[in-house]
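Overview (structure and organization)
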Amino acid sequence: MGEGTDSFPAVLFVCLGNICRSPMAEGAFRHAATKAGLAARVDSVGTASYHIGEAPDPRAIRIANEHGVDIGSLIGRQIHRDDFYTSTHIFALDKANLQGIKAHAPRDGTAQVSLLNDAVEGLEGRAIDDPYYGDEEDFRRVWSEIDSAVEVLVERFLAEGRAARFIASGR
């Protein structure tokens, strides 16, 4: 797996432009991990180059702020070959981006690649819709979906960490 596996998860969230869903997921995950005491590295990227160097969509920033999460300083970037080695987990927000990620993944890449909702029982295979062409209510709904999914991820990583410590201690 990627560089973070021995000590903590290194999570990458991916959407198309890296200005709506993936920065919201990065912020929500960082917030949930901090609250839970989970050491993790988190980042977000896009599969397309449309918004490289740009801040998240102002609506995404506002919705995140409503939940006490500041994503305003994040800067859009495009997924890079190195991400497949430095991340332990890469989570796509929809199926089209998942296919794009898998198509460009190096054969020896070590990151586990899946949809974000694959972590949530009963939502496996379900995309998180792109709110870009919608209104603030669409962004609120997407935040809620993302926040629920990252809470499940944080709990899973905490449980895996407890199991790893248990095995390492020989108990």
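The following paragraphs examine the structure supplied in this document. (Residues numbered from 1 in each chain as written. Predicted model: local features only at pLDDT ≥ 70, side-chain atom pairs only at ≥ 80, totals over all residues. Heavy atoms only, no water.)

1. Focus on the pattern of salt bridges
The condition that has to hold: The rule for a salt bridge is simple: a side-chain nitrogen of Lys or Arg has to be within 4 Å of a carboxyl oxygen of Asp or Glu. Each helix is a run of DSSP H or I of at least 4 residues and each strand a run of E of at least 2, with the numbering of both proceeding from the N terminus. Burial classification: accessible surface area is computed with a 1.4 Å probe over protein chains only, and a residue below 20% of its type maximum counts as buried, one above 50% as exposed, and the rest as partly exposed.
A complete count under the given rule lists 16 salt bridges for this structure. Ionic pairing is found between Arg30 and Glu26, a salt bridge with its closest N-O pair at 3.1 Å. On the criterion of helical spacing, the pair formed by Arg30 and Glu26 is a turn pair, its members being 4 residues apart in helix H1 (residues 21-36). Residue classification places Arg30 among the partly exposed positions, given a relative accessible area of 36%. A residue is classified by how much of its surface remains accessible, and Glu26, at 4% relative accessible area, is buried. Taken together, the shared-partner salt bridges in this structure form one network comprising Arg62, Glu66, Glu136, Glu137 and Arg140.

2. Details of the packing of aromatic side chains
We describe a pair of aromatic rings using the distance from one ring centre to the other and the angle between the two ring planes. What counts here: Note on aromatic pairs: the rings of Phe, Tyr and Trp (six-membered ring only in Trp) are paired at centre separations within 6.5 Å, and the planes decide the class, stacked below 30 degrees, edge-to-face beyond 60, tilted for the rest. Criterion for a charge above a ring: Lys NZ or Arg CZ within 6 Å of the ring centre, and within 35 degrees of the ring normal.
Under the definition given, this model contains 4 aromatic pairs. Ring centres of Phe13 and Phe91 lie 5.9 Å apart, and the angle between their planes is 25°; this geometry places the pair in the stacked category. A residue pair is termed long-range when its members are at least 10 positions apart, and Phe13 in strand S1 (residues 10-15) and Phe91 in strand S3 (residues 89-92) qualify at 78 residues. No difference in accessibility class separates Phe13 from Phe91, as the two residues are buried. Each residue in the set Phe13, Phe29, Phe91 and Phe157 is aromatic and connected to the rest through ring pairs, giving one cluster. Residue placement shows Arg59 over the ring face of Tyr132; its charged tip is 5.8 Å from the ring centre. Taking NZ or CZ as reference, Arg156 lies 5.2 Å from the ring centre of Phe157, over its face.

3. Quick look at the side chain of Ser87
As a reminder, the rule being used: In protein, a polar contact means a hydrogen-donor-capable atom and an acceptor-capable atom, both N or O and within 3.5 Å, with residues adjacent in sequence counting only if both atoms are side-chain atoms; elsewhere, any N or O pair within 3.5 Å suffices.
Tracing the backbone through its elements, the reader meets Ser87 in the loop between helix H3 (83-86) and S3. A distance of 3.0 Å separates a polar side-chain atom of Ser87 from the backbone oxygen of Asp83.

4. Let's talk about the sheet that holds strand S2 (residues 41-46)
Under the convention used in this document: DSSP bridges decide pairing: two strands pair if at least two such bridges lie between them. Fitting a line to C-alpha atoms yields each axis, with helices limited to the stretch in contact; the angle taken between N-to-C directions then spans 0 to 180 degrees. Any pair of residues with heavy atoms lying within 4.5 Å of one another is described as a contacting pair.
Overall, parallel pairing links the 4 strands, which are arranged S2-S1-S3-S4 in an open sheet. Every interior strand has two partners, whereas the edge strands, S2 and strand S4 (112-115), have only one. Mean inter-strand twist for the sheet, computed between neighbouring axes without regard to direction, equals 20°. Bridge count between S3 and S4: 4 bridges; the pairing is parallel. For Phe91, the partnering residue across the bridge sits in S4 and is Ser114. Sitting on the sheet, helix H4 (residues 95-104) touches S1, S3 and S4, and the angle it makes with S4 is about 160°.

Such coordinate-based values are descriptive only and should not be taken to indicate function.
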